[in-house]
Amino acid sequence: MDNYAILSIISFLIVFVSILFSVFLLTVKSENKISNPLIAAYLIIVAIDISSFFYHRFIEMPHILEMLRMDLPFLSCPLLYLFVLSVIYVDFKLKPIHLLHGIPFVVNTLVFMPRFYLANAEARDIFFHSYQTNPETIFTLLMGHIQVVVYIIAIFIVIKRSKRVMLENYSNATTAKHDWLFQLNVISTCLFVVSTSKTIFKRFNNDFETINIARIIVAFLVLCFVCWLILKALHHPSFFKGIHSKLKSIESIIAEDKVANSIDRDAEQTQEQISKLKIYMQDQKPYLNPTLTIQDLADDLQLPVREVSILINHHLNQHFFDFVNEYRIRHAMHILKDATKKQFTVLEILYEVGFNSKSSFNTAFKKYAHLTPTQYRRNNL
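Note that the coordinates shown come from a computational prediction; the quantities given were computed from them, not determined experimentally.

Digging into the overall build of the protein
A count of helical and extended segments in the protein gives 18 helices and zero strands. Counting all 381 residues of the protein, 44% fall into the buried class. Partitioning the contacts of the protein with sequence separation of at least 6, the portion at a separation of at least 24 is 74%. Accessible surface computed for the protein: about 20800 Å², of which carbon and sulfur atoms make up 63%.

See below:
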């Protein structure tokens, strides 16, 4: 079996799996009304782009359709970026302004318009056969690579900012979703690096067998990526609670307050508010509520949420998530060393003190006590 045959088989598998999974995403009943169609559209574009490696063996596609197929990847990065936004923000909605993400695709089409799309059949044939050396091709190739780099950076920024905002505003925050999206972007980055290396190699090497080997490597990595995406979706059919897009990080709040000259508060007043906050946490135990948010705490204290956020995240130098969990762990430690409550299991205790998962409880407990809950109980009973 020659290298091109191997490439064709791998490409067919990618197309088959991608289309099958896309149909599933578009037809299954799910709360992800926006996320599923976006990632399905992304996978369909991947399938169309990679399909050229096997359908050329059976049919000759008209040059116009072939050119459109090569233009479609300009939509893949915007779709992936919008998918990340839709997963992170619970209030995300597609708006007309999001059409601006299609500008690179439109520009790419306009670049080829004069000498290809508007040309006669003979001129299109000549243009297509010299495709690799045409100035339009070089321009769009550079533009495409710049677009990918920009979107990769943008996705990393969105993940980092939203993760910080979640930790600063939710006591039951989980970073599993952000970690998954981070992995997705890292793998996409690796695929881009490998694909770019293949493109550069192709421009300076005319050995078709070697080029096909490079294509096989890229196609195989794409197949692994699609399979990984499907397995992740099967293991995590629903995402964790997202955050509201209007929530701001403490850095943004402080920057705005500095501009408004309102950050220079009285030190004595700040200490009074911190004391009030700590007394309330100890006496009223709001941390026992597993869904406690910084907005809930601000309402209980009858303080603006911005004030509470600055107190905890800035003056106490803790994320709201860590601040609340510290009280939960202290409460759990008190129960664990109480001989009259030794019949309580660790699972019962973690729910009692406000946690909603064993993994997050064990992680937080070990971070604070430097022991597992079982070890702490054994040492203190």
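And the narrative resumes.
Looking at the nonpolar core
Of all hydrophobic cores here, the largest spans 51 residues; its most connected members are Tyr42, Phe83, Val84, Leu181 and Leu184. Contributing elements (two or more residues each) for this core: helix 1 (3-27), helix 2 (35-50), helix 3 (52-55), helix 5 (76-88), helix 8 (135-169), helix 9 (176-204) and helix 10 (208-235). Look past the residues within four positions of valine 84 in its chain and what remains in contact with it is Ile155, Val158, Ile159 and Leu181.

As for the pattern of salt bridges
In the structure shown here, the tally under the stated rule is six salt bridges. Across the pair aspartate 179 and lysine 163 runs a salt bridge, and its minimum N-O distance is 3.6 Å. Placement of the pair is aspartate 179 in helix 9 and lysine 163 in helix 8, with a sequence separation of 16 residues. Across the pair glutamate 326 and arginine 330 runs a salt bridge, and its minimum N-O distance is 2.6 Å. Note that glutamate 326 and arginine 330 are positioned in helix 15 (residues 320-336) at a spacing of four residues, about one turn of the helix. The structure contains a network of salt bridges with shared partners spanning Asp49, Glu66 and Arg69.

Quick notes on the packing of aromatic side chains
Tallied over the full model, the rule gives 18 aromatic pairs. Each ring, one from tyrosine 81 and one from tyrosine 151, has its centre 5.7 Å from the other, and the planes form 65 degrees; the classification is edge-to-face. Within this pair, whereas tyrosine 81 is found in helix 5, its partner tyrosine 151 is found in helix 8, the two being separated by 70 residues in sequence. In this structure, tyrosine 81 and tyrosine 151 share a single accessibility class: buried. By the ring-pair criterion, three or more aromatic residues cluster together here, those being Phe112, Phe116, Tyr117, Phe127, Phe128 and Tyr131. Lying over the aromatic face of phenylalanine 355, arginine 328 brings its terminal NZ or CZ to 5.6 Å of the ring centre. Over the ring of tyrosine 327 we find arginine 330, and its NZ or CZ is 5.4 Å from the ring centre.

Structural notes on the packing of helix 6 (residues 103-117) against helix 8
At a minimum axis separation of 10 Å, helix 6 and helix 8 run at an interaxial angle of 175 degrees. Between helix 6 and helix 8, the angle is such that the two are roughly antiparallel. Residues Pro104, Val107, Asn108, Val111, Phe112 and Arg115 of helix 6 form the contact with helix 8, whose participating residues are Pro135, Glu136, Thr137, Phe139, Thr140, Met143 and Gln147. Residues belonging to the contact of helix 6 with helix 8 are distributed by class as follows: seven nonpolar, four polar and two charged.

Observations concerning unusual backbone geometry
Although it is not a glycine, asparagine 317 sits at a positive phi angle of roughly 55 degrees. Inspection of the secondary structure puts asparagine 317 in the loop between helix 14 (305-315) and helix 15. Residues other than glycine seldom take positive phi values, yet histidine 370 does so here, at roughly 65 degrees.

A closer look at the environment of arginine 328
Relative to the helices and strands, arginine 328 resides in helix 15. Taking C-alpha positions, arginine 328 is 9.1 Å from phenylalanine 361, a pair spaced 33 residues apart along the chain. With near-sequence residues (within four places) excluded, arginine 328 lies in contact with Ser171, Tyr287, Asn289, Pro290, Leu292, Val353, Gly354 and Phe355. A polar atom in the side chain of arginine 328 sits 3.0 Å from the backbone oxygen of asparagine 289.

Structural notes on the environment of valine 346
Residue placement: valine 346 occurs in helix 16 (residues 346-352). Look at valine 346 and you get buried, because its relative accessible area is 18%. In this structure, the C-alpha to C-alpha distance between valine 346 and isoleucine 335, residues 11 residues apart in sequence, is 9.8 Å. What valine 346 contacts, discounting residues up to four positions off in sequence, is Phe361, Pro373 and Thr374.

A word on a nonpolar patch on the surface
Together, Ile9, Phe12, Leu13, Phe16 and Leu20 make up an exposed nonpolar region whose accessible area comes to about 490 Å². Tracing the backbone shows isoleucine 9 in helix 1. According to the relative accessible area criterion, isoleucine 9 is partly exposed, its value standing at 44%.

What counts, and at which threshold
Residues numbered from 1 in each chain as written. Predicted model: local features only at pLDDT ≥ 70, side-chain atom pairs only at ≥ 80, totals over all residues. Heavy atoms only, no water. Helix = DSSP H or I, 4+ residues; strand = E, 2+ residues; numbered from the N terminus. Buried < 20%, exposed > 50% of the residue type's maximum accessible area, 1.4 Å probe, protein only. Contact = heavy atoms within 4.5 Å. Areas by Shrake-Rupley, 256 points an atom, 1.4 Å probe, with all protein chains shown as cover. Core = buried A, V, L, I, M, F, W, Y, C linked by side-chain atoms within 4.5 Å. Salt bridge = Lys/Arg side-chain N within 4 Å of Asp/Glu carboxyl O. Phe/Tyr/Trp six-rings, centres within 6.5 Å; stacked < 30°, edge-to-face > 60°. Lys NZ or Arg CZ within 6 Å of the ring centre and 35° of its normal. Axes fitted to C-alpha atoms, helices over the stretch in contact; angles between N-to-C directions. Parallel < 35°, antiparallel > 145°, perpendicular 65-115°, else oblique. Nonpolar A, V, L, I, M, F, W, Y, C, P; charged D, E, K, R; others polar. Polar contact = N/O pair within 3.5 Å; in protein donor to acceptor, adjacent residues only side chain to side chain. Patch = residues over 30% accessible without salt bridge, like charges linked within 9 Å, V, L, I, M, F, W, Y side chains within 5 Å.

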